[in-house]
Amino acid sequence: MEERQRLNRLRWRCTRRAMLEMDLLLGEFLDRVFPTLAPAQADAFVILADMEDLELWPLVNGSRECTDPVQAEVVALLRNVRVK
Amino acid sequence: MSKLSIPVRKFDAVIVGAGGSGLRAAIQLSEAGLKTAVLSKVFPTRSHTVAAQGGVSASLGNSEEDHWHWHMYDTVKGSDWLGDQDAIEYMCRKAPEVVVELEHFGMPFDRTDEGKIYQRPFGGHMSNFGEKPVRRACAAADRTGHAMLHALYQRNVRANTQFFVEWMALDLIRDQSGQVLGVIALEMETGEVVAFHAKATVFATGGAGRIFYSSTNAFINTGDGLGMAARAGIALEDMEFWQFHPTGVAGAGVLITEGVRGEGGILRNSTNERFMERYAPNAKDLASRDVVSRAMVTEINEGRGCGPNKDFVLLDITHLDPATIMKRLPGIREISIQFAGIDPIKAPIPVVPTCHYQMGGVPTNYKGQVVGDDGTPVRGFYAAGEVACASVHGANRLGTNSLLDLLVFGKASGDTVIENVRSGEIGLKELPADFADRTMARLNRLNTQTGGANVNETRLELQRTMQKHCGVFRFNDMLIEGVAKILDIEKAVARTEIKDKSHVWNTARVEALELDNLIEVAKATMVSAEARKESRGAHVRDDAPDTPANPNGRDDVNWHKHTLWHRDGNRLGFKPVIMKPLSVETIALKTRSY
Ligand SMILES: Cc1cc2nc3c(=O)[nH]c(=O)nc-3n(C[C@H](O)[C@H](O)[C@H](O)COP(=O)(O)OP(=O)(O)OC[C@H]3O[C@@H](n4cnc5c(N)ncnc54)[C@H](O)[C@@H]3O)c2cc1C
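### Focus on the overall build of chain B
Alright, step 1. Within chain B one finds 16 helices and 22 strands.
Alright, step 2. For a compact globule of 594 residues, the expected C-alpha radius of gyration is about 25 Å, and chain B comes in at 23 Å, within 12% of that figure.
Alright, step 3. In terms of its C-alpha atoms, chain B occupies a principal-axis envelope of roughly 70 × 60 × 50 Å.
Alright, step 4. Out of the 594 residues in chain B, the part that is buried amounts to 63%.
Alright, step 5. When contacts within chain B are restricted to residue pairs at least 6 apart in sequence, long-range pairs at least 24 apart make up 73% of them.
Alright, step 6. Total accessible area computed for chain B in this model is approximately 21,300 Å², and 50% of it derives from carbon and sulfur atoms.
Alright, step 7. The positive charge centre, built from 68 side chains, and the negative charge centre, built from 72, are 1 Å apart in chain B.

Below, the structure is given as structure tokens:
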């Protein structure tokens, strides 16, 4: 699959989620932060985006901690996203 | 004769939508041995049903005495007498059965000490015909919808339901006689367009809350089922009725739970006034959803809104002890920081009344069959869940009755399909030669459009127009203007342009196709709202106020009827409300007051 196609698929999976909160956060993240990530972080984000909302939301709102260190870096960046 | 041919796959039944209603219908069909396909824009357990936290209602009577007839009364009253009483009786009677069934499918309900399903009170659910609150809501912690979808999905896997994930249904296939023969769908991964030819087609596509600028609904709720039905000549019922939640974060729409006001949160306007004291001197900020929403809109309309555009009010919890906020309102601080950019311990949260739930939809009877204007079933076509209008919610839905609707009518539609297939009433009829032409022409138009309208900008324009002209509190002149504006926007939708013309994972195309559906829902809503000259349930007009002759602005003489919006000619028809229940006496018209 081409890079553009891969990115489009990721965009769909980030912005057609079960919870509005996650559509907003992941969509914003994809636009503003994702292009600046190191390759390992980008891979970690893809794994996070594949999680279900009720797994990912507790990581983002801090009620659960991430065990994988690279994922934890990305989650910290996700927590900093401000949707206006 | 068709110029275009597309691949055809054959099934006994095709279900569009893998939320609670679609999955419940699929269990019936697959377990009965019907070859069943379920199409979904996303992986099933990512459907919007996940967002439901509050619970599902059923008069199990586990915590105190309860009866389906009381539940029925509450639902009729909640609907402001616009709900059909046969369907409401059916749903409330079936509730205990479908909830216990769900338990057997593996749903991890909260339990009482004796091991029964635990039940809690929920707004509008009462005992003994409106006497006092009753515990009727069954929940699995605050993840009821999520747990429900997982239980239903697992059961489907066991029953060999065939899932088509990341497929978007584009149009219904109907023949000359009006019979529905399946759907045409787009596979996102390949861009391939395929016909799903089936004896029965079940719509379970969920709501369309994204027609409003401020919505608690996830982005996926673009009303595809409504758009497809309308394009195929099916009228849409009661589309003027949308439930709004008073406190969505301004801009983002993310829901701030009622619990915030329960813990002492106060609504303030631009002069820092606690304005609810004027509108509801007793209940104040804890008045019912519609009263609070209307007060908020009045403040904004009279120039006392906050912010540079004076278009929101403030929900203030800065006077609460931070420890209380963290303990009693978990998650609210994070939501406010991430979606409003403020820390609610230090500053108030900007909020506006926000679209939450669609009461209207594709008209069905209580068996889940889609019906025409005279109540005759459309052969081969069924619907359940938020896309459908059975009509059990009438002018206003009670909390927890939607998850119940999914279970009851998901199951009922499945059972009716089985009955209709077995009796030979529906079979695999030949596809008309030109069945794909309309869809292929639409796709071709989109691919070749030049100098057209931008999809994102047009959608935004549509959403802003709906919010401004057809929001929680409605004004005659604004509605008239709104109809004209929406028809203008329709012209832009008809000439949307996408730069990317590729096939594989072309999300720009999918979003343009979603907009084709949003516009149909927006037209139906605006036109129906403009026409209904009374206030009833969630539809509240400034020029239909509370008077002794018409309490709450409701006008039963002229408006105790369902609207039916026809895409063709953009016109309205009407049909009577079914007042005769299946076995009990009619619950007679009365003023709705709590
Ligand atoms: C924040 C929130 C909280 C809520 N809380 C409660 C509650 O506590 N209790 C309650 O009773 N109700 C609640 N509701 C309402 C309730 O959750 C919904 O009405 C219900 O879940 C809708 O279920 P559904 O099966 O109709 O559709 P959904 O769950 O929305 O599923 C729709 C399905 O259709 C698919 N689909 C749509 N279009 C297409 C297409 N073109 N092609 C292919 N597939 C398509 C989607 O992929 C999805 O699988 C809440 C709603 C919200 C927004």
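There is more to say, and it comes next.
### As for the interface of chain A and chain B
Alright, step 1. Contacts between the two partners involve 32 residues from chain A and, on the opposite side, 39 residues from chain B.
Alright, step 2. Buried surface at the junction of chain A and chain B, both sides included, amounts to about 3,000 Å², of which 57% is carbon and sulfur.
Alright, step 3. Of all residues in chain A, Trp12, Arg16 and Leu20 of chain A bury the most surface against chain B, accounting for 26% of the area lost on that side.
Alright, step 4. Summed over the shared surface of chain A and chain B, the result is four salt bridges.
Alright, step 5. Ionic pairing is found between Glu166 of chain B and Arg13 of chain A, a salt bridge with its closest N-O pair at 2.8 Å.
Alright, step 6. Our count for the contact surface shared by chain A and chain B stands at 20 residue pairs in polar contact (both at pLDDT 80 or more).
Alright, step 7. Taken together, the elements giving at least two residues each to the side of chain A that touches chain B come down to helix H1 (3–15), helix H2 (20–32), helix H3 (39–50), helix H4 (53–60) and helix H5 (69–79) of chain A.
Alright, step 8. Per element, the largest residue contribution to the side of chain A that touches chain B is seven residues, and it comes from H1 of chain A.
Alright, step 9. Of the residues that constitute the side of chain A that touches chain B, the class distribution is 15 nonpolar, five polar and twelve charged.

### Looking at the site of the ligand
Residue and element names in this part refer to chain B.
Alright, step 1. Inspection of the region around the ligand gives 40 residues, with Ser47, Thr49, Gly54, Glu386 and Leu403 positioned closest.
Alright, step 2. Within the backbone of Lys41, an N or O atom sits 3.0 Å from an oxygen atom of the ligand.
Alright, step 3. In isolation the ligand has 1,000 Å² of accessible area, and contact with the protein removes 95% of it.
Alright, step 4. Of all the secondary-structure elements, those providing two or more residues to the shell around the ligand are helix H1 (20–31), strand E2 (36–40), strand E7 (167–174), helix H5 (224–231), strand E14 (349–358) and helix H11 (401–422).
Alright, step 5. A per-element tally of the shell around the ligand places H11 first, with four residues.
Alright, step 6. Residues belonging to the shell around the ligand are distributed by class as follows: 15 nonpolar, 21 polar and four charged.

### Concerning the pattern of salt bridges
Opposite charge on two side chains makes pairing possible when the charged atoms of those side chains draw close.
Residues and elements named next belong to chain B.
Alright, step 1. Counted under the stated rule, the structure contains 52 salt bridges over all chains.
Alright, step 2. Between Asp224 and Lys41 there is a salt bridge whose closest N-O contact spans 3.0 Å. Of this pair, Asp224 sits in helix H5 while Lys41 is found in the loop between E2 and strand E3 (56–57), placing the two residues 183 residues apart along the sequence. The two residues Asp224 and Lys41 agree in class, both being buried.
Alright, step 3. With its nearest N and O atoms 2.6 Å apart, the salt bridge here joins Arg554 to Asp80. Taken together, the residues Arg554 in the loop between helix H15 (507–531) and helix H16 (556–559) and Asp80 in the loop between helix H2 (68–78) and helix H3 (85–104) connect sequence positions 474 residues apart.

### Observations concerning empty space enclosed by the protein
By rolling a water-sized probe across the atoms, one finds the places where empty space is left.
Residues and elements named next belong to chain B.
Alright, step 1. Under the criterion given, the structure shown has one cavity of 30 Å³ or more.
Alright, step 2. Here the largest cavity is characterised by a volume of approximately 60 Å³.
Alright, step 3. Elements that contribute at least two residues to the lining of the largest cavity include exactly strand E18 (388–389) and H11.
Alright, step 4. Broken down by class, the residue content of the lining of the largest cavity amounts to eight nonpolar, four polar and one charged.

### Details of the packing of aromatic side chains
Alright, step 1. Within this structure, the stated rule accounts for 18 aromatic pairs over all chains.
Alright, step 2. Seen from their ring centres, Phe34 of chain A and Phe45 of chain A are 5.5 Å apart, and the 55 degrees between their planes marks the pair as tilted. Here the residue Phe34 of chain A occupies a position in the loop between H2 and H3, and Phe45 of chain A occupies one in helix H3, the gap between them amounting to eleven residues.
Alright, step 3. For Phe34 of chain A, a relative accessible area of 15% puts it in the buried group.
Alright, step 4. The exposure class assigned to Phe45 of chain A is buried, which follows from its relative accessible area of 0%.
Alright, step 5. Geometrically, the ring pair formed by Phe212 of chain B and Phe244 of chain B is edge-to-face, given 5.2 Å between the ring centres and 75 degrees between the ring planes. In this pair, Phe212 of chain B is assigned in the loop between strand E9 (193–203) and H5 and Phe244 of chain B in strand E11 (residues 242–249), connecting sequence segments 32 residues apart.
Alright, step 6. For Phe212 of chain B, a relative accessible area of 0% translates into the label buried.
Alright, step 7. Put simply, the rings of Phe11, Phe164, Trp167 and Phe196 of chain B pair up and form one aromatic cluster.
Alright, step 8. The positively charged end of Lys35 of chain B is found above the aromatic ring belonging to Phe11 of chain B, 4.7 Å away from the centroid.

### What about the sheet that holds strand E4 (residues 119–127) of chain B?
All names here are of chain B.
Alright, step 1. Within the open sheet, the three strands sit side by side as E3-E5-E4. Their pairing is antiparallel. The open sheet terminates on both sides in strands that have one partner only, identified here as E3 and E4.
Alright, step 2. With two bridges joining them, E3 and strand E5 (residues 132–138) adopt antiparallel strand pairing. In the strand pairing of E5, Val56 is matched with Cys138.

### A look at the sheet that holds E14 of chain B
Residues and elements named next belong to chain B.
Alright, step 1. On the basis of which strands lie adjacent, the open sheet formed by four strands has the order E11-E14-E13-E12 and antiparallel pairing. On the outer flanks of this sheet lie E11 and strand E12 (266–268), each paired with one strand and no other. This sheet shows a mean twist of 45 degrees between the axes of neighbouring strands, independent of strand direction.
Alright, step 2. In terms of strand pairing, E12 meets strand E13 (residues 313–316) through three bridges, oriented antiparallel.

### Some words on the side chain of Lys411 of chain B
All names here are of chain B.
Alright, step 1. Counting through the fold element by element, Lys411 comes out in helix H11.
Alright, step 2. Of the polar contacts made by the side chain of Lys411, one reaches the side chain of Glu97; its length is 2.7 Å.
Alright, step 3. Among all residues touching Lys411, those that are not within four sequence positions of it are Arg24, Gln28, Glu97, Val98, Glu101 and Leu406.

### A closer look at the environment of Arg64 of chain A
Residues and elements named next belong to chain A.
Alright, step 1. Secondary-structure assignment places Arg64 in the loop between H4 and H5.
Alright, step 2. For Arg64, a relative accessible area of 44% translates into the label partly exposed.
Alright, step 3. Each C-alpha atom, one on Arg64 and one on Lys84, is 25 Å from the other, the two residues being 20 residues apart in sequence.
Alright, step 4. Beyond its immediate sequence surroundings of up to four residues, Arg64 is in contact with Glu55, Pro58, Leu59 and Arg79.

What counts, and where the lines are drawn
Residues numbered from 1 in each chain as written. Chains lettered and ligands numbered in written order. Predicted model: local features only at pLDDT ≥ 70, side-chain atom pairs only at ≥ 80, totals over all residues. Heavy atoms only, no water. Helix = DSSP H or I, 4+ residues; strand = E, 2+ residues; numbered from the N terminus. Rg over C-alpha atoms; globule rule 2.2 N^0.38 Å. Buried < 20%, exposed > 50% of the residue type's maximum accessible area, 1.4 Å probe, protein only. Contact = heavy atoms within 4.5 Å. Areas by Shrake-Rupley, 256 points an atom, 1.4 Å probe, with all protein chains shown as cover. Lys, Arg positive; Asp, Glu negative; His and termini not counted. Charge placed at Lys NZ, Arg CZ, Asp CG, Glu CD. Buried area = accessible area lost by both parts, 1.4 Å probe. Salt bridge = Lys/Arg side-chain N within 4 Å of Asp/Glu carboxyl O. Polar contact = N/O pair within 3.5 Å; in protein donor to acceptor, adjacent residues only side chain to side chain. Nonpolar A, V, L, I, M, F, W, Y, C, P; charged D, E, K, R; others polar. Near = heavy atom within 4 Å. 1 Å grid on protein atoms, 1.4 Å probe; cavity = no way out; pocket = protein on both sides within 12 Å on 5 of 7 lines; lining within 4 Å. Points joined across faces, edges and corners; volume = space filled by probe spheres on them. Phe/Tyr/Trp six-rings, centres within 6.5 Å; stacked < 30°, edge-to-face > 60°. Lys NZ or Arg CZ within 6 Å of the ring centre and 35° of its normal. Pairing = 2+ DSSP bridges. Axes fitted to C-alpha atoms, helices over the stretch in contact; angles between N-to-C directions.

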